[in-house]
Amino acid sequence: MNTILQAENIERSYTIGKTTLDVLKGVSLGVGEGETLSIMGESGSGKSTLLHVLGGLDNPKSGKVHFKGQSVYGMSSARRSRFRAENVGFVFQSFHLLPELDILENVALPSMAVRATGDAKARATELLTEVGLGERIGHRPQELSGGEQQRVALARALMNEPDIIFCDEPTGNLDSKTGDKVLHYLFQLVESRGHTLVLVTHSRDVAARCSRQLVLKDGLLV
Ligand code: ADP
Ligand code: MG
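About the cut-offs
- Residues numbered from 1 in each chain as written.
- Chains lettered and ligands numbered in written order.
- Predicted model: local features only at pLDDT ≥ 70, side-chain atom pairs only at ≥ 80, totals over all residues.
- Heavy atoms only, no water.
- Buried < 20%, exposed > 50% of the residue type's maximum accessible area, 1.4 Å probe, protein only.
- Helix = DSSP H or I, 4+ residues; strand = E, 2+ residues; numbered from the N terminus.
- Near = heavy atom within 4 Å.
- Polar contact = N/O pair within 3.5 Å; in protein donor to acceptor, adjacent residues only side chain to side chain.
- Areas by Shrake-Rupley, 256 points an atom, 1.4 Å probe, with all protein chains shown as cover.
- Nonpolar A, V, L, I, M, F, W, Y, C, P; charged D, E, K, R; others polar.
- Contact = heavy atoms within 4.5 Å.

*Asks:* Outline helix H1 (residues 47-54), listing residues and values.
*Replies:* The buried fraction of H1 amounts to 6 of the 8 residues, a majority that puts the element mostly inside the structure. Among the residues of H1, those classed as buried are Lys47, Thr49, Leu50, Leu51, Val53 and Leu54. Positive backbone phi, approximately 80 degrees, marks Gly56, located one or two places after H1.

*Asks:* I'd like a rundown of the site of ligand 1, residues and numbers included.
*Replies:* Around ligand 1, the structure places Tyr14, Ile16, Leu21, Val23, Glu42, Ser43, Gly44, Ser45, Gly46, Lys47, Ser48 and Thr49. Take Ser48: an N or O atom from its side chain is 2.9 Å from an oxygen atom of ligand 1. Thr49 is positioned such that a nitrogen or oxygen atom in its side chain is 2.6 Å from an oxygen atom of ligand 1. Within the complex, 62% of the 560 Å² of free accessible area of ligand 1 lies under protein. Secondary-structure elements contributing two or more residues to the shell around ligand 1 are strand E1 (3-16), strand E2 (19-32) and H1. Looking at the shell around ligand 1 element by element, the count peaks at 3 residues for H1. Among the residues making up the shell around ligand 1, the classes are represented as 4 nonpolar, 6 polar and 2 charged.

*Asks:* Can you break down the environment of Asp168 residue by residue, with the values?
*Replies:* Within the element layout of this structure, Asp168 appears in strand E7 (residues 164-168). Taking C-alpha positions, Asp168 is 7.0 Å from Thr201, a pair spaced 33 residues apart along the chain. Ignoring any residue separated from it by four or fewer positions in sequence, one finds Asp168 in contact with Ser48, Leu51, His52, Val91, Phe92, Gln93 and Val200. A distance of 2.6 Å separates the side chain of Asp168 from the side chain of Ser48, its partner in a polar contact.

Structure below.
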């Protein structure tokens, strides 16, 4: 399996006033192309911090992240934004949809810069149909349930055909039945297209659906 993402010796601390909290203490990790990887760990163990560093959202104190051989934090921040838009999809615990746009526009938005509007809307419609929301495209996020909103976020994350998708407790705000439905769509989309997935979860059952499981503990992956 080709390695798509390689992190080496990642350290990240937060300093507030005189207190420094060392959250990541030298995390190294390789992710294979097409792999589905779960990361578990207690609340506050640094899972979100790690996901942000891996996805190019948060510059670590030290260490390197390579994506398809490119140094993610070696590039300018403008190039990194572009790189993220083209290669990386994110799904967060709280859906982060824009309330003033309908769900079609929410999904299409990430590609407006790189595609014609008509093409973007056609692809967004396709993705929304795949997550079972084809009939709802004119609706605003607040007119949908939490599970439906997360399915919109899922469609948005896939919009630019990213090589890798990061999900940070995507079912953390949902009841278990609704969460299961979101996961059903997530794995169906990821597996049918061969995307690489890094999934942070609290649930052992969810972790078990991934091809590899890791735990973040005391600032290191075990
Ligand atoms: P997890 O996602 O595993 O719950 P986080 O990565 O969100 O953990 O946070 C790890 C630790 O870092 C926690 O103790 C949290 O309070 C702290 N932390 C996270 N973000 C910040 C921040 N922006 N400023 C200060 N401390 C932070
Ligand atoms: Mg978190």
